[in-house]
Amino acid sequence: MAVRVQAQDFDIGAEIAALQEGRTDIGAIVTFTGTVRGTTKAGDITSMTLEHYPGMTEAELGRVEAEAHGRWPLQGSTIIHRIGDLAPGENVVLVVTASRHRHAAFESAEFLMDYLKSRAPFWKKETGTDGTGNWVDARESDEDALERWAKP
Amino acid sequence: MTTNLIYFAWVRERIGRSHETRDIPDDILTAGDLITWLASQGEEYANAFSNPDAVRVAVDQTHADHGQAIAGAKEIAFFPPVTGG
């Protein structure tokens, strides 16, 4: 299990290799990459700034990751989230999950993203082509996405 | 009770600072009480907390409801709903 919050970009291939290193018991690896969308409802943006809560961010991502490992038989996982100023097209977030079989890897990757989006203390501010900055509003659909993971 | 208060995103921008240490009156028992009290601490605070339901709280780096007791908290953070990912 690994959680990293960083300004610099990540290398998806290197992260997969790191999870696989020295082991042959993994049968399925899923990656999700979130990138900066250059167009929004309000128009085009020139950059996106990501603010976070140092300390709590890592703690919250660790809690979410541990929850995933409790629900699915995972051999490994990696969560990387970037902070600072990012341009359209740049990477924002990476989730990698590794398991013996694909279902656990697919489902846990989606679970990690759903929880990350509604729990991890990050805030996005978009700067439009006219130079004005707008804090991105949270989407109710992100909160709704958690419902299907609710335990009976 | 002396507590560190931390603000993020538009809460931080409206208040005009990212953190401060405050002596909180003893009759402030919950996170919601603290929001109401802070809203009375000046125009910038009134502006930041004009819609309490739009503000989320973390007590000692853990998400908290507005009804949560804050006794003994070292660090309380206020911020909009999160938008990472």
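Residues numbered from 1 in each chain as written. Chains lettered and ligands numbered in written order. Predicted model: local features only at pLDDT ≥ 70, side-chain atom pairs only at ≥ 80, totals over all residues. Heavy atoms only, no water.

Draft legend 1. Geometry of the pattern of salt bridges. Scanning all chains against the criterion turns up 13 salt bridges over all chains. Across the pair Arg 148 of chain A and Glu 110 of chain A runs a salt bridge, and its minimum N-O distance is 2.9 Å. Of this pair, Arg 148 of chain A sits in the segment after helix 4 (140-144) while Glu 110 of chain A sits in helix 3 (residues 102-119), placing them 38 residues apart in sequence. On the accessibility criterion, Glu 110 of chain A (41% relative accessible area) is partly exposed. We note a salt bridge from Glu 13 of chain B to Lys 125 of chain A, for which the minimum N-O separation is 2.5 Å. Of this pair, Glu 13 of chain B sits in helix 1 (residues 9-15) while Lys 125 of chain A sits in strand 8 (residues 122-128), on two different chains. Through salt bridges that share partners, Asp 9, Arg 82 and Glu 90 of chain A make up one connected network. (Salt bridge = Lys/Arg side-chain N within 4 Å of Asp/Glu carboxyl O. Helix = DSSP H or I, 4+ residues; strand = E, 2+ residues; numbered from the N terminus. Buried < 20%, exposed > 50% of the residue type's maximum accessible area, 1.4 Å probe, protein only.)

Draft legend 2. Seen up close, the sheet that holds strand 1 (residues 2-7) of chain B. Residues and elements named next belong to chain B. Spatially, 2-1-5-3-4 is the arrangement adopted by the five strands of the open sheet, whose pairing is mixed. The open sheet has two edge strands with one neighbour each: strand 2 (19-23) and strand 4 (62-64). Ignoring which end each strand starts from, the neighbouring axes of this sheet average 30° apart. Of the pairings in the sheet, the one linking strand 3 (residues 56-59) to strand 5 (residues 75-79) comprises four bridges and is antiparallel in character. Counterpart to Arg 56 in the pairing with strand 5 is Phe 79. Against the sheet, helix 2 (residues 31-38) engages strand 1, strand 2, strand 3 and strand 5, with an angle of about 70° to strand 5. (Pairing = 2+ DSSP bridges. Axes fitted to C-alpha atoms, helices over the stretch in contact; angles between N-to-C directions. Contact = heavy atoms within 4.5 Å.)

Draft legend 3. Spatial organisation of the interface of chain A and chain B. Facing 26 residues of chain A, the contacting portion of chain B comprises 19 residues. Each partner contributes to the roughly 1800 Å² buried at the junction of chain A and chain B, and carbon and sulfur atoms together form 57% of this total. On the chain A side of the interface with chain B, the three residues burying the most area are Tyr 53, Trp 123 and Trp 135 of chain A, jointly 37% of the side's total. For the pair chain A and chain B, the interface holds two salt bridges. Glu 51 of chain A serves as the salt-bridge partner of Arg 12 of chain B, at 2.5 Å between the closest nitrogen and oxygen. (Buried area = accessible area lost by both parts, 1.4 Å probe.)

Draft legend 4. The packing of helix 2 (residues 56-71) of chain A against helix 3 of chain A, seen in detail. Residues and elements named next belong to chain A. One can describe the packing of helix 2 onto helix 3 by two numbers: an axis separation of 10 Å at closest approach and a directional angle of 150°. As far as their axial angle goes, helix 3 and helix 2 are roughly antiparallel. Of the two elements, helix 2 crosses helix 3, and the hand of that crossing is right-handed. For the pair helix 2 and helix 3, contact is made by Glu 60, Leu 61, Val 64, Glu 65, Glu 67, Ala 68 and Arg 71 and by Phe 111, Leu 112, Tyr 115, Leu 116 and Arg 119, respectively. Partitioning the contact of helix 2 with helix 3 into residue classes produces seven nonpolar, no polar and five charged. (Parallel < 35°, antiparallel > 145°, perpendicular 65-115°, else oblique. Left-handed = near helix turned anticlockwise from the far one by under 90°. Nonpolar A, V, L, I, M, F, W, Y, C, P; charged D, E, K, R; others polar.)

Draft legend 5. Just the nonpolar core, in detail. Counting residues in each nonpolar core, the largest one holds 35 residues, and the members touching the most others are Tyr 53 of chain A together with Tyr 7, Leu 34, Leu 38, Phe 49 and Phe 78 of chain B. Elements with a minimum of two residues in this core: strand 1, helix 1, helix 2, helix 3 (43-48), strand 3 and strand 5 of chain B. Among the elements that take part in this core, helix 2 of chain B stands out by supplying five residues, more than any other. Beyond its immediate stretch of four places on either side in the chain, Tyr 53 of chain A contacts Glu 58, Pro 121 and Trp 123 of chain A together with Ile 6, Phe 8, Ala 58, Gln 61, Glu 75, Ala 77 and Phe 79 of chain B. By size, the runner-up hydrophobic cluster in this structure holds 30 residues, among which are Val 5, Val 36, Phe 111 and Tyr 115 of chain A. (Core = buried A, V, L, I, M, F, W, Y, C linked by side-chain atoms within 4.5 Å.)

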